[in-house]
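What the coordinates show
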Amino acid sequence: MKQMLTLFLLSLGLGFSVSAQAADDPALLRAVQSQLADDTVVRGDFTQTRQLAGIKKPLIAKGTFVVEKTRGVLWRTQTPFPQTMRVTQGEILQRDGERVLMVLRADQEPAVNAISRVLFSLFAGDLSTLADFFDYTGKVNKGKDWQLTFKPRNDGLKAVIASLSLEGDNVVRQVTLTSAAGDVTRIAFSHVTTAAALTADERAQFE
C-alpha cells in the first residue's frame, strides 16, 4: 500500500490530472459494475507481494482491510510489522501503533484528494473513477468473474505506472500494479465479506 501510494504521489508531482476523455467502453464498465455488491462496506484479508525488477526474492506483507465507500479505507498491515494506513477524502494517515509516521492533508497538499479518489476506486470497485484516469480493456464472464486492465493517459503517470489490472466477481479479488521500472505489486484479497455498515470499532477508527 505504501509503495502504491508513493507511485501516485510521484505521478501527481509530475503533472497528473483528471482527463476529460470519454471512457473507452462504457458498456464494459456497466457490465462489471452490475456484478459488484451494492453494500457500503467491504472487509477482508490481503496478501501483498512486491517483486522488484532484478531481485529474485519478493517482499510480502499481510494484513486486513476495511473499505467504507463514503468514508475511506483502513489498511492494517500485520506482517512483517504492524502498521495502519487510513485514507479519507481529506487526509492520508499512517501509524505505527499510536505513533504517527505520515500525515498528508488536502488543505496542505491538493494532491491528497486525487490520490484518495483513485485508492477508493481501486478497493471499492468504483470503476467510473478509474476510467477518468486510465484507458482500459477487459472481459466479463456474466454471472462469474471479470478482468480489467488500465493504462495511464497522462505522461506524468506513464513515467511511474505501466499498467494496473483488477480481477474480481462480486468484489475486487486481486489488484496488480506494474511500474514503469518493471516492479510488480500484486494484492490478493481473501475472506472478503460485505456489509451495510461499519462496526463500532471501525467507525471509531475513522473519527
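Here is a short report on the structure shown in this document.

Conventions and cut-offs
Residues numbered from 1 in each chain as written. Predicted model: local features only at pLDDT ≥ 70, side-chain atom pairs only at ≥ 80, totals over all residues. Heavy atoms only, no water. 1 Å grid on protein atoms, 1.4 Å probe; cavity = no way out; pocket = protein on both sides within 12 Å on 5 of 7 lines; lining within 4 Å. Points joined across faces, edges and corners; volume = space filled by probe spheres on them. Nonpolar A, V, L, I, M, F, W, Y, C, P; charged D, E, K, R; others polar. Buried < 20%, exposed > 50% of the residue type's maximum accessible area, 1.4 Å probe, protein only. Helix = DSSP H or I, 4+ residues; strand = E, 2+ residues; numbered from the N terminus. Arc of directions from axis to C-beta. Contact = heavy atoms within 4.5 Å. Salt bridge = Lys/Arg side-chain N within 4 Å of Asp/Glu carboxyl O. Polar contact = N/O pair within 3.5 Å; in protein donor to acceptor, adjacent residues only side chain to side chain.

1. A word on empty space enclosed by the protein
Per the stated rule, a full pass over the model turns up two cavities of 30 Å³ or more. In this structure, the second largest cavity spans a volume of roughly 30 Å³. Lining the second largest cavity are Val42, Phe65, Phe123, Val171, Val172, Phe189 and Val192. Each residue belonging to the lining of the second largest cavity can be placed in one class, and the counts come to seven nonpolar, no polar and no charged.

2. Notes on helix α2 (residues 26-35)
Those residues of α2 not exposed but buried are Leu28, Leu29, Val32 and Gln35. End-on, the buried residues of α2 take up no more than an arc of 125°, which puts them together on one face. Every exposed residue of α2 that faces more than 90 degrees away from the buried side is listed here: Arg30 and Ser34. Looking at the buried side of α2, the elements it contacts are α4 (127-133), β7 (134-140) and β8 (146-152).

3. A word on the pattern of salt bridges
As enumerated under the stated definition, the model contains seven salt bridges in all. Here arginine 86 makes a salt bridge to glutamate 91, at a shortest N to O gap of 2.7 Å. Comparing arginine 86 with glutamate 91 shows no difference in burial state: the two are buried. Of the charged contacts, one joins arginine 153 and aspartate 135 as a salt bridge, the two residues approaching to 2.7 Å between their closest N and O atoms. Of the two residues, arginine 153 is situated in the loop between β8 and α5 (155-158) and aspartate 135 in strand β7; the sequence distance between them amounts to 18 residues. A cluster of three or more residues bridged by salt bridges with shared partners is formed by Arg86, Glu91 and Arg105.

4. Side note on the side chain of glutamine 83
Assignment of secondary structure puts glutamine 83 in strand β4 (residues 83-88). Overall, glutamine 83 belongs to the buried group, its relative accessible area being 17%. For glutamine 83, the side chain forms a polar contact with the side chain of glutamine 94, separated by 2.7 Å. Beyond its immediate chain neighbours, meaning those up to four positions away, glutamine 83 contacts Trp75, Arg76, Thr77, Gln94, Arg95 and Leu101.

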